[in-house]
Each structure stands twice: as structure tokens, then as C-alpha cells.
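A closer look at the structure
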Amino acid sequence: MTADLPAATRRSAAPDRVEVAIVGAGFAGLGMAMALRRAGRESFVVLERGDGVGGTWRDNTYPGVACDVPSHLYGFAAHPNPHWSGVYARGDEIRDYLTDVARREDLGERVRLRTPMLSASWIEAASGAGRGAGFWRIETGGDHAGVIEADALVLACGRLTEPEVPEIAGLETFPGALFHSARWDHATDLEGARIAVVGTGASAVQLVPELARRAEHVTLFQRTPAWIVPRGARPYSAEERELFAARPDLLDRLRAQLYAEGEARFASRSGDATAAADAREAALAHLHAQVADETLRAQLTPRYAFGCKRVLLSDEFYPAVASDRVTLEPSALVSVEGSTLVSASGERHHADVLVLATGFASTRQPYAGLVRGVDGVTLDEHWDDGMTSFGSTVVSDFPNLFVLNGPNASLGHNSSVLMVEEQAAYAVRALALRAAAPGGVLRVDPEMERAYTDEIGRAAASTPWLTGGCRNWYVDDRSGRLTLLWPGTVDAFRSRLARADGSEFLHIRTTSEGPGRRDREPSLRGEDT
């Protein structure tokens, strides 16, 4: 595997007029391209603002970056990889895997790198214009600056793309290297430095042990502790990798086993009393086994329900924090006075390097302000009370638009790639309905979107994400609604999309014969009904 696409990628042969424009070349974008190709739909282009495929795995290069989903589950079903180095894949491995998938799928000429979407507007076509009743006009910049007209638009932009930088008084006065963990400055020399890390989420848990090995000292600002369970990471031996390569059936069985284990974790994350109690005890036992100091243990013990925030996996974080190489500051960073960092507790710490591991703008997606639907309303305006959709994929007043990894499509217990594959399959089935829609335009019924949003609300009402006594990135502060997570298993999501029969779209045409007949309407199950 290599990290660069062939030169063909940089000489896109895709036309300016396509059926489908896909924005983003991470798991979601590549998954959508693969689904289109398997359905025989070859008129598409993938727009990517970065200089390579990989999405978050291209952007996040901090020391220790890795996936917390087992490697043999964190990949496309059609592209198993027997060569993962261990139970959990490193970030660079995942990036190289996606590059290799793009090459094997022959997507090079379809992917336009260094080509950001600047805007996307739904254009109602004049009657008789010869292109249906409307299309998406997409303005692009960078290497392939120009305009693309597409019948359908797929936003595969990811949900963790724009770093969240907190407002901290005097932050601009810090004289040393200052950067977000997702924008790692590899030119900064960490050896022997005094490093401060703000945040104790998923990135910090991976990052801090690595920094502790290099730095003179690490100061960790913790606003809220996380529930952390054993990771059980280990490398695969050369013999194991050879066996995986020789016996694809073993990989299939391992993937099925990992999937079942992930689905079983949903109970503890979503508030099942017995499962949550067992998981909580396992997390506390892990903490006690790795941190001997009673005061430090108390500072690292969450005071909210298990599952309320993202549950983290690590075998190295607690030993690092308990070592003399790390100081835990159990309160937030509130102000900066040059190289002096002042905590909410009043303690003053000194640092040469300041790393913000403070998460991402998740509930308010940055791309939403660039997309204008019916009557020029932006997706951000449509979502001014929090993200909504039908099927976690389609949105009223935004015809022929599909959002992958968007509203209620995240998971806290299993592989997000599974959700992407289901959404891509749904989008392809929906595109097949365009032949039965007036002017080839799919318009989501607003009532169906509201009903789906209410359905999500009912399913989430008693979960720890809403009732667990914590603040998390799954819930939109503007409405108090769960807008990021799918409040169910992957099996339930697959079943929910399979039940979608096209009635979520307005004005699906029926005719006296052919596939448009009421008794033979195209079905989102991929078969005639």
C-alpha cells in the first residue's frame, strides 16, 4: 500500500455534467462511489478538498492516532484486509487502506483532489430545459476550480472535520507552539519540552502516553473524566497475517464475531441497567488496577452515567497519568498569561507547547452553510434547531440530496463504516426511484422528516446520552435533542432503511403499466413490490 493516488487522480476526466457529485473522499465518499459503480451508475465525480483520500485519517496525524474499532471490522465488506498490523489499526494504516481501495476500485479519474466545494445550490429548471425539473449547481475551487451540474448531490464530508477551539482568555499570548490535535505541527520538537494538553477525550487518551515518552513533562487539563475500559491491543504475528491472507473464510468469521460483539455493547452504552452496571464495574476495576494513588483515582472517576459520554479504550492512559511524567490538572484551562496556564482551580502551570485536544464542531456541520436548497435556504438554516432528516440520510427542501455520516448516523458501540455502507445502499435505491418522480426529482415529505425526528426522540428519551448527567457531543445544545447518534443497533438501522418504500418522497408518479404502477413501485429494498 502507498499513501498517494496515481497521477490520473490529478487529471480528472470526469465531465462537468454528472448524475451524482460526491463531496468527500473518506470512508463515506468512497463507499458511495463503490455503491454507485456496483449499481451500474458511472456518471459521478468525487470532490475532495485535501491532497489525498482518507478523510479524518488523512487529517489526524498526532502521535498515537489509531482506531478504537477492531481493524478487521473497520473496513469495507467488499475489501477485507488480511494485512492489518494489529487488533487495532494505526491511523496511517487506515489512510493507506483507503488509498488502496480507491486504486483497486479504479476511482482515480473520478476523484478530484485539492478541489473544495465552495457552494452548492439547488436550481429549479425551467420547463422543457431537457435536464429534468432541477439540478445541483456546485462551485469548486482549487485544482479543479469551476462549476459542476449534478442531478444529485451526496455530502460525505464527515462529522469530525472542523476542530473546535474553545474561547480561552489570553490564548493568543501563548509564545510557544500552539495547535489542535487534528492539525498536528510535526515541525515542533517535543523532545524535552514541557507540554500542556487540554482535554481528555478520545484523541487525548491516545496522545498523552506518547507525549509522556518524549516530553520533559506533560500537564493534562481535565474538565471531565471519561469512562475508560481495557483496550486489549496487540500486534498480529506474521503467521496470523499469512493465515488471514490464505484463508478468507477465517476473516469472514472474525468479522462476524467482531460485529456481534459490537452489537452486544449497545446495551451498556444505551442504558440497560444490568449491562451498564457490569461495564461500569469493569471500568472501575481497570482504573483501580492501573492507578494506585487514591486521590488521583478519585479525580479520574466520572460522576455521570456510564455511556453518557463516549466510552474510551486504553491500556496506556492511566499508567501514563499515574507516572511522574504527567501532572493531572482536574479542572479546565480558563486563561493564558504568556507561557503560564491558569486553571479553573486557580493552579498555575507552565508550558512550552500547548495542544488543544478539544474535539470538533459536530452538531453544527461546517458544510451546511455552503448548501442552499429550495428558495435559497441553507442546510444550516434548515438545521437551526439541530440536524434533522429522514432515514438519517435525506432532508426535506433539499431535493436529490443525500447526507452520509450526518444526522443520527453515528455509533458509540460498533463500526461507523457499517452505517456508511447502509446509507450508500439506501441512496442508490432511492436514485432508482427518480424515474417515477416528477422531473426526476426526489423531494422528501416534511411530515416524514418530522415523524422520523420524533421517532429518534422517543428512542433516545431514556438513554444516558440525554439523562446521564453529562454534556456530550451527541446532543445539540440548541434543542437538547440527540442529533449525532443513532439510538439503536446496526441491525435496527439496516431494518429501518429496508422498511423505507419510497413513501418518504412526495409525488412519486404512478402509471398504468411498467415500474411506475402502484402495485409495482420501485422499492428501497432493491426489489419490486
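Residues numbered from 1 in each chain as written. Predicted model: local features only at pLDDT ≥ 70, side-chain atom pairs only at ≥ 80, totals over all residues. Heavy atoms only, no water.

**Considerations on the packing of aromatic side chains**
A full pass over the atoms with the stated rule returns 14 aromatic pairs. Judged by centre distance (5.4 Å) and plane angle (90°), the ring pair of Tyr236 and Phe244 falls under edge-to-face. The same class applies to Tyr236 and to Phe244, which are both buried. Taking 5.9 Å as the distance between ring centres and 50° as the angle between the ring planes, the aromatic pair formed by Phe317 and Tyr318 counts as tilted. Overall, Phe317 belongs to the buried group, its relative accessible area being 3%. One aromatic cluster in this structure is built from Phe27, Trp57, Tyr74, Phe76, Trp84 and Tyr97. Lying across the ring of Phe44, Arg110 places its NZ or CZ 4.7 Å from the centre. Of note, Arg231 hangs over the ring of Tyr88, and the distance from its end group to the ring centre comes to 4.0 Å. (Phe/Tyr/Trp six-rings, centres within 6.5 Å; stacked < 30°, edge-to-face > 60°. Buried < 20%, exposed > 50% of the residue type's maximum accessible area, 1.4 Å probe, protein only. Lys NZ or Arg CZ within 6 Å of the ring centre and 35° of its normal.)

**A short note on the sheet that holds strand 8 (residues 194-198)**
Two pairing modes exist for strands in a sheet, parallel and antiparallel, and in both the strands are linked by backbone hydrogen bonds. With respect to topology, 5 strands assemble into an open sheet ordered 7-16-8-9-12, the strand pairing being parallel. Strands at the two margins of the open sheet, each flanked by one partner only, are strand 7 (177-180) and strand 12 (326-329). Mean inter-strand twist for the sheet, computed between neighbouring axes without regard to direction, equals 15°. Bridging between strand 8 and strand 16 (residues 353-356) involves 4 bridges; their strand directions are parallel. Bridge assignment links Val198 to a residue of strand 16, and that residue is Leu356. Set on the sheet, helix 4 (residues 202-214) makes contact with strand 8, strand 9 (217-221), strand 12 and strand 16; between it and strand 8 the angle comes to about 175°. (Pairing = 2+ DSSP bridges. Helix = DSSP H or I, 4+ residues; strand = E, 2+ residues; numbered from the N terminus. Axes fitted to C-alpha atoms, helices over the stretch in contact; angles between N-to-C directions. Contact = heavy atoms within 4.5 Å.)

**Points about unusual backbone geometry**
One non-glycine residue with positive phi stands out, namely Asp106, at about 55°. Its location among the elements puts Asp106 in the loop between helix 3 (91-104) and strand 3 (111-112).

**Description of the environment of Ile456**
Residue position: Ile456 is located in helix 12 (residues 446-460). Put simply, Ile456 and Asp51 are 405 residues apart on the chain and 37 Å apart in space, counted from C-alpha to C-alpha. Those residues in contact with Ile456 that sit more than four places away from it in its chain are Asn408, Leu482, Trp486 and Pro487.

**Remarks on the state of the cysteines**
Inspection of every chain in the model, using the stated rule, returns 1 disulfide. Disulfide pairing places Cys308 opposite Cys470 at an S-S distance of 1.9 Å. Taking the sign of the torsion about the S-S bond as the criterion, the disulfide between Cys308 and Cys470, at about -100°, is left-handed. Here the residue Cys308 occupies a position in the loop between helix 8 (294-300) and strand 11 (312-313), and Cys470 occupies one in the loop between helix 13 (464-467) and helix 14 (490-499), the gap between them amounting to 162 residues. (Disulfide = S-S within 2.5 Å.)

**With respect to the nonpolar core**
Formed by 112 residues in total, the largest nonpolar core has its most connected members in Ile22 and Val197. Residue contributions to this core peak at 10 residues, all from helix 11 (residues 416-431). Val18, Val374, Trp383 and Val441 belong to the second largest nonpolar core, which has 34 residues in total. (Core = buried A, V, L, I, M, F, W, Y, C linked by side-chain atoms within 4.5 Å.)

**Some words on the confidence of the model for the chain**
Note that predicted coordinates carrying low pLDDT should not be read in detail. Residues of the chain with pLDDT of at least 70 account for 92%, and the chain-wide mean is 92. Here residues 510-529 scores under 50 on pLDDT; set against residues more than four positions off or in separate chains, the count is 38 contacts. (pLDDT = per-residue confidence, 0-100.)

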